[in-house]
Amino acid sequence: MDLMMSGVNSQQFVTLLQNLWKVLMWTRVKIKLLLFETVASDGNMRDIVFLLDGSDNTRKGFPAIRDFLYKMIENFYVEQKKDRVAVIQEPGVHFYFNTYRAKKDIVNTVRGLKHKGGRPLNTGAALQYVIDNVFTASSGCRRLEGVPQLLILLSGGRSFDNVDTPAAALKELGVKVFAIGTRSSDSREMQRISQDPSHHFHMTTNTRFVQTDLCNLCLFSVDLETARKDVVFLLDGSDGTRSGFPAMRDFVQRVVEKLTVEENRDRVSVVQYSREPEDDIVNTVRGLRHKGGRPLNTGAALQYVRDNIFTASSGSRSLQGIPQMLILLSGGRSNDNVDVSASALKESGVLIFGIGTRNSSREVERIVTDPKTQIFQSGFPKSNVDLFSLLFHIRLVDKSIARKDVVFLLDGSDGTRSGFPAMRDFVQRVVEKLTVEENRDRVSVVQYSREPEANFYLNTYTTKENVVDAVTGLRHKGGRPLNTGAALQYVRDNVFTASSGSRRLDGVPQLLILLSGGRSFDNVDTPAAALKELGVKVFAIGTRSSDSREMQRISQDPSQAMSVSDFTDLPSIQQQLLSSVETVTDLCNLCLFSVDLETARKDVVFLLDGSDGTRSGFPAMRDFVQRVVEKLTVEENRDRVSVVQYSREPEANFYLNTYTTKENVVDAVTGLRHKGGRPLNTGAALQYVRDNVFTASSGSRRLDGVPQLLILLSGGRSFDNVDTPAAALKELGVKVFAIGTRSSDSREMQRISQDPSQAMSVSDFTDLPSIQQQLLSSTDLCNLCLFSVDLETARKDVVFLLDGSDGTRSGFPAMRDFVQRVVEKLTVEENRDRVSVVQYSREPEANFYLNTYTTKENVVDAVTGLRHKGGRPLNTGAALQYVRDNVFTASSGSRRLDGVPQLLILLSGGRSFDNVDTPAAALKELGVKVFAVGTRSSDIRELQKISYDPSFALSVSEFTDLPNVHQQLISVLGTVIVPDPTMKPTVKPTIIGKKKDVVFLLDGSDGTRAGFPAMRDFVQRVVETLAVDENKDRVALVQYSRDPAAQFYLNTFNTKDDIVNTVRGLRHKGGRPLNTGAALQYVRDNIFTASSGSRSLQGIPQMLILLSGGRSNDNVDVSASALKESGVLIFGIGTQNSSREVERIVTDPSYSQSVSEFTDIPRVQDLVSRCLQLEQGALIAEKCRGYHKIPVKQCLSRISQTFRASSSNCYPLWKQWLLELLQKPQQF
């Protein structure tokens, strides 16, 4: 936000800051007042009493009081029988709660209010009156039904009687009191009357209420009780601000006084800068001294706060999802560059607000997050964009109940007759992506030519099926001329209204999607501005016949104006539109990229205390689970739910894959019966859900990157230790929310939770509804995004492939600018983002590679200096092959083998002269995500074939229109490349790739002494088949009996000879008993780690080959499960003494084989060479039951059965199969 000032001297600067403070203070008033405003559309009800000072003191201000009432009541839900209103004027009654049941009757009565007059002012008597006569059932009060009771007092003077007793009685009654006074009022009296001193609002003007202030009280609704933020002030301390510095200091002080500065609420930092920045301590704001110095280096200061203040070590809570805000006060133009550091702050999610002078306003506008929101010297804006409003409006929403009203405005004129079927199909496909329900998404369709006509309104249909049927049946309207302006005005006046189903007044986002095939014959500017003023987000889609500038003027933002050659190309921008639409409803813009609500998923497990101590509270626990489930979208590919009860032992009521519909889950929850039992072992229960519920076999999609949530309801202190299993869950990436009662140990709940702030408490379980919304807010997708996206480690390799042929000569400057703007959004560093640019025509040519430049500044300079290549013909296929073979390689800086996302952005202005299919397929096979942007001269189908997904093919009329798709491309890029860094990369149980880490775990106990030479020889022969090298296969070997001992690690040897020689020299370890469980845990914790040479974090397959000759003395299930969960593929070879146990340990039973004794290996060695071969995915078994070319899975199953039936003879088959499997994992 940029405060523009022209011709301002230092004294005016002081005055302006003081005026700004007045607006900030009143914004605080606005926000705090709306603590009482619940969302009635969600089923809440309120009884609201206005108590008005009707004494002689308020005669002049009474019209403003009356208007205030009118505007407040306009926002109530009286028609829905939810809100009830009473108005009392001291001393007298206008109407009670049950006097009127229609909003229009209340509004008409309020309009006709007359000032009563009289003296003295007895506020105490008036408060007692409302207790005795208004907050009663006979007057329509629903207090006994649990409906919130609110009293808003407007008083213009000090009371002549005592207010304390009736005020206390109101609070005891449960009435929430807000008191608004003037400077003639007694502020302390107002504070004593209010429910909370912060609910007292003091007018600093004369005794007349200022109408604009009062009207603005209704603008915002923010829950300040839970809102948290980190606020940094960056103050210009250079010589140029010496005279204005006291005002800047006072400004900071007053803002800080309005914050709730506590460890777990708001945090504040202050930094001054001139040539160099330096910190100041928050609690010494009053004592701040002007720093002085020159020149003014704002860029360095911005970089300083990014690197030194917005960090965890300095107290920043950005990784916990807490909003990060920077307020910059700058009085002059910077001597250094501000763009790079400002961009870096924005990229890291910091919201920047700026206040500048005449000398710095343009620069500040470039620095701030949103330059469009400005406060002018001539007056402060009446809309809701002032600074303090924005500070408090940063909040997270529950995506499970996200709602929107979507109106499609379709050009039905004669010019679109041939394209209308494509328009209709487009609308249908977009609707298919929405969640059309009464309380979720609503849809309307309007057609227009000369006159507009509504096909159906927002409240016509309440199911997706009905909307789709209506869209499918649409008939082209026809007519001329095309009056887009009149159509825009029509939807504003007739569709975005409450009577037509719009929920704008409920705060539901309002979206208009315009499809227009020509230039309008009437003026579009006025109605477009009226829609924006109403808060409608407009997206305009045009064709080559449309006026692109007209589309941009109509759209909410020029970047939301899209273009296609004709309407048959609409599928190419469908995904772009959906991404933009979802971004509108996503207040969680602190995430680096937007979340696609249509694909958002989560696995939610409820762990319920079913011990004897919760018998009476169990029905409330059950109801709570049911209500939370109702808010989820339970489907196979969306949300999944499991419920586990526990006391002494845990027991799963149902798993994540038991039910696939919300109805079935709700039925199962409704039928839950209390388990009973004692004592309460919460630790064992946590371990149980880790090992048995958050697993793939139970339906967990953790390995697919789906968020894992555990909600624990516990009614007592655990009898066993909770720390170890809680830590194990967190290490697994499970986000734990713990809810306890007064009988629980609050510290225990905090230790169990993912974060202590996510431990909640109620008196008993019957109070669970009071924290339901808090839990839903905590588990929403915004929070998950803020928790999971590690902005410090997200990386990508981005290659731009630019059409430099003769046909793009005129459009090349626009292509170059486009690349520059995209690069500006990246974080170009050695270990973050890397960029390459390649031009092509007949032949491709690299302008620079991924490892040529390591700073954004250098990349931008190189892009700015690009010269058009020229040439013909256009060989896109050859260019695609070139980037695959020469750019997406390690030598050119590609980090593909390290698991870094590889992105290719193609800008092509024509159809290729060569074949694109083969090289495009090769890029996709390599894992490169290709985005193709073309013009009207391009072949859209060709671009779709090239793209990683057809929805990644974008289109513009000309390259000069590239800004229209810039934001869309950034959004689509984001949805593809954001991983979940809270989870370690894992390898699913399928062997891929040409590299592998292989660990042998050998039973070295006394029981295998005789068979050890055979085991050693087996290991040697397997190693002989591997390609041992630092960058290929790595091998480790561990022996164990009572304790495990590593013979060598994965990074000990880099050559096959060294490993073979070491294996040959192995000595039997000996010892007893045999602790296989401890050995498995050892290799997990000590061998499959980066420090021991494991490359699991690079996506390299991790394999464990266990040779065990006996039954373990300890438990093997927990450690085996942990290995599998971490992505290790386990193969096992056992003897007749250990075969069943080995079968439980391995990844799949078919990976477990058995021999009579390990000494049997040499006797059957001659069967090995011809028994089994692996070739192109098919097993050819020549001498084992006569199998020929049987499919892999079927053959493995049968061979596995054979092994079990005749283990000693068929063991060589298994051994050879294992050898070849390890040798050719890419075939599997």
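Conventions and cut-offs
Residues numbered from 1 in each chain as written. Predicted model: local features only at pLDDT ≥ 70, side-chain atom pairs only at ≥ 80, totals over all residues. Heavy atoms only, no water. Helix = DSSP H or I, 4+ residues; strand = E, 2+ residues; numbered from the N terminus. Areas by Shrake-Rupley, 256 points an atom, 1.4 Å probe, with all protein chains shown as cover. Pairing = 2+ DSSP bridges. Axes fitted to C-alpha atoms, helices over the stretch in contact; angles between N-to-C directions. Contact = heavy atoms within 4.5 Å. Buried < 20%, exposed > 50% of the residue type's maximum accessible area, 1.4 Å probe, protein only. Right-handed = clockwise from strand over helix to strand, strands pointing away.

Peer 1: I'd love a proper account of the overall build of the protein, names of residues and values included.
Peer 2: Summing up its helical and strand segments, the protein has 38 helices and 40 strands in all. If you sum the accessible surface of the protein, you get close to 49,100 Å²; carbon and sulfur atoms cover 45% of it.

Peer 1: Outline the sheet that holds strand S25 (residues 759–761), supporting the account with residue identities and numerical values.
Peer 2: Reading across from one edge, S22-S21-S20-S23-S24-S25 is the order of the six strands in this open sheet, with mixed pairing throughout. Of all the strands in the sheet, the pair left with one neighbour each is strand S22 (650–654) and S25. Each adjacent strand pair in this sheet contributes to an overall mean axis angle of 20°, direction not counted. In terms of strand pairing, strand S20 (residues 602–609) meets strand S23 (residues 708–714) through six bridges, oriented parallel. Bridging across to S23, Asp-603 finds its partner in Gln-708. Relative to S20, helix H19 (residues 618–630) is tilted by about 175°, and along the sheet it contacts S20, strand S21 (639–646), S23 and strand S24 (734–740).

Peer 1: Please set out the pairing of strand S36 (residues 1128–1134) residue by residue, giving values where relevant.
Peer 2: Among the seven residues in S36, seven count as buried, and that is most of the element. The side-chain alternation of S36 yields two buried faces, one formed by Val-1128, Ile-1130, Gly-1132 and Gly-1134 and the other by Leu-1129, Phe-1131 and Ile-1133. Handedness of the β-α-β unit built from strand S35 (residues 1102–1108), helix H35 (residues 1117–1125) and S36 comes out right-handed.

Peer 1: So what's going on with the pairing of S35? Which residues, and what values?
Peer 2: Extensive coverage of S35 is indicated by the burial of seven of its seven residues. Covered by surrounding structure in S35 are Gln-1102, Leu-1104, Leu-1106 and Ser-1108 together with Met-1103, Ile-1105 and Leu-1107, the residues of both alternating faces. Alignment of strand S32 (residues 996–1003) against S35, held across six bridges, turns out to be parallel. By the bridge assignment, Leu-1002 is partnered in S35 with Leu-1107. As paired strands, S35 and S36 are joined by seven bridges and run parallel to one another. Within the sheet, the bridge partner assigned to Ile-1105 lies in S36 and is Phe-1131.

Peer 1: Outline the sheet that holds strand S18 (residues 536–542), listing residues and values.
Peer 2: In space, the six strands of this open sheet follow the order S16-S15-S14-S17-S18-S19, with mixed pairing throughout. Where the open sheet ends on each side, the last strands, each with one partner, are strand S16 (452–456) and strand S19 (561–563). Averaged over all pairs of adjacent strands, the angle between their axes in this sheet comes to 20°, without regard to strand direction.

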